[in-house]
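Examining the three-dimensional arrangement
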Amino acid sequence: MLGRLNHVAIAVPDLEAATASYRDQLGAKVSAPQALPEHGVTVVFVELANTKVELLEPLGDGSPIAAFLERNAAGGMHHICYEVEDIIAARDRLAGQGARVLGNGEPKIGAHGKPVLFLHPKDFQGTLVELEQI
Ligand code: CO
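Description of the structure in this document.

Scoring rules and cut-offs
- Residues numbered from 1 in each chain as written.
- Predicted model: local features only at pLDDT ≥ 70, side-chain atom pairs only at ≥ 80, totals over all residues.
- Heavy atoms only, no water.
- Buried < 20%, exposed > 50% of the residue type's maximum accessible area, 1.4 Å probe, protein only.
- Helix = DSSP H or I, 4+ residues; strand = E, 2+ residues; numbered from the N terminus.
- Arc of directions from axis to C-beta.
- Contact = heavy atoms within 4.5 Å.
- Polar contact = N/O pair within 3.5 Å; in protein donor to acceptor, adjacent residues only side chain to side chain.
- Donors = N, O, S within 2.8 Å, 3.2 Å for Na, K, Ca; no water.
- Salt bridge = Lys/Arg side-chain N within 4 Å of Asp/Glu carboxyl O.
- Core = buried A, V, L, I, M, F, W, Y, C linked by side-chain atoms within 4.5 Å.

1. Notes on helix 1 (residues 15-25)
The periodicity of an α-helix, 3.6 residues per turn, causes residues three or four positions apart to be oriented the same way. Every buried residue of helix 1 is listed here: Leu15, Ala18 and Thr19. The buried residues of helix 1 occupy one face: seen down the axis, they fall within an arc of 100°. Turned more than 90 degrees away from the buried face of helix 1 sit Glu16, Asp24 and Gln25, all of them exposed. Looking at the buried positions of helix 1, the neighbouring elements they touch are strand 2 (29-30), strand 4 (41-47) and strand 5 (52-58). The opening residue of helix 1, the one whose side-chain oxygen lies 3.1 Å from the backbone nitrogen of Glu16, is Asp14.

Written as structure tokens, this is what we have:
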């Protein structure tokens, strides 16, 4: 069911500092920041040869990463995103096995303009899992 690793997302308290760290210390190619108000984050994409890292900073009130940053003040890995060919088939299979799909269970359009769903971290080794239909 799982395809490629699409991205690893890291929540950060200071996007400018995190961008400088990846760009200047690690020598990575990083995008300009993009505000995604509908997702409550500002994101920078770190482009790697085989995948991406997304640096997420809270945007606005009620950001979905605000509580995470309260528990992890220095930042930390927030979620991991795997590609799937058919997100509805993947959701139905997982739900049929008792896995919890977050939200109302319907895919939303994610940061890359593709349908995404999130799976409860307690069902997947303590890791918030995002599925993205490619
Ligand atoms: Co993501």
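There's plenty left to go through after this.
2. What to know about the coordination of the cobalt ion
Protein-derived coordination of the cobalt ion comes from His7 (NE2), His79 (NE2) and Glu130 (OE), at a distance range of 2.0 to 2.1 Å. In the primary structure, the donors to the cobalt ion are separated according to the pattern H-x71-H-x50-E. Pair noted here: His79 is in strand 6 (residues 76-84) and Glu130 is in strand 9 (residues 128-133), with a separation of 51 residues, a long-range link. Since its relative accessible area comes to 6%, Glu130 is described here as buried.

3. Points about helix 3 (residues 87-96)
Within the sequence span of helix 3, burial applies to Ile87, Ala90, Arg91 and Leu94. Around the axis of helix 3, the buried residues are gathered within 100° of arc, so they sit on the same side. Those residues of helix 3 that are buried are in contact with strand 6, strand 8 (115-119) and strand 9. Backbone geometry just after helix 3 places Gly98 at a positive phi near 95°.

4. What to know about the pattern of salt bridges
Tallied over the full model, the rule gives five salt bridges. Between Glu106 and Arg91 there is a salt bridge, with the nearest N and O atoms lying 3.3 Å from each other. One end of the pair, Glu106, is in the loop between helix 3 and strand 7 (108-109); the other, Arg91, is in helix 3, and 15 residues separate them in sequence. Overall, Glu106 belongs to the partly exposed group, its relative accessible area being 45%. Here Arg100 makes a salt bridge to Asp123, at a shortest N to O gap of 2.9 Å. Within this pair, whereas Arg100 is found in the loop between helix 3 and strand 7, its partner Asp123 is found in the loop between strand 8 and strand 9, the two being separated by 23 residues in sequence. When salt bridges that share partners are traced, they join Arg91, Asp92 and Glu106 into one network.

5. Side note on the nonpolar core
With 12 residues, the main nonpolar core is built from Val8, Ile80, Val84, Ile87, Ala90, Leu94, Ala99, Val101, Leu117, Leu119, Val129 and Leu131. Contributions of two or more residues to this core are made by strand 6, helix 3, strand 8 and strand 9. For this core, the leading source of residues is helix 3, giving three residues. Among all residues touching Ile80, those that are not within four sequence positions of it are Leu5, His7, Val8, Thr127, Leu128, Val129 and Glu130.

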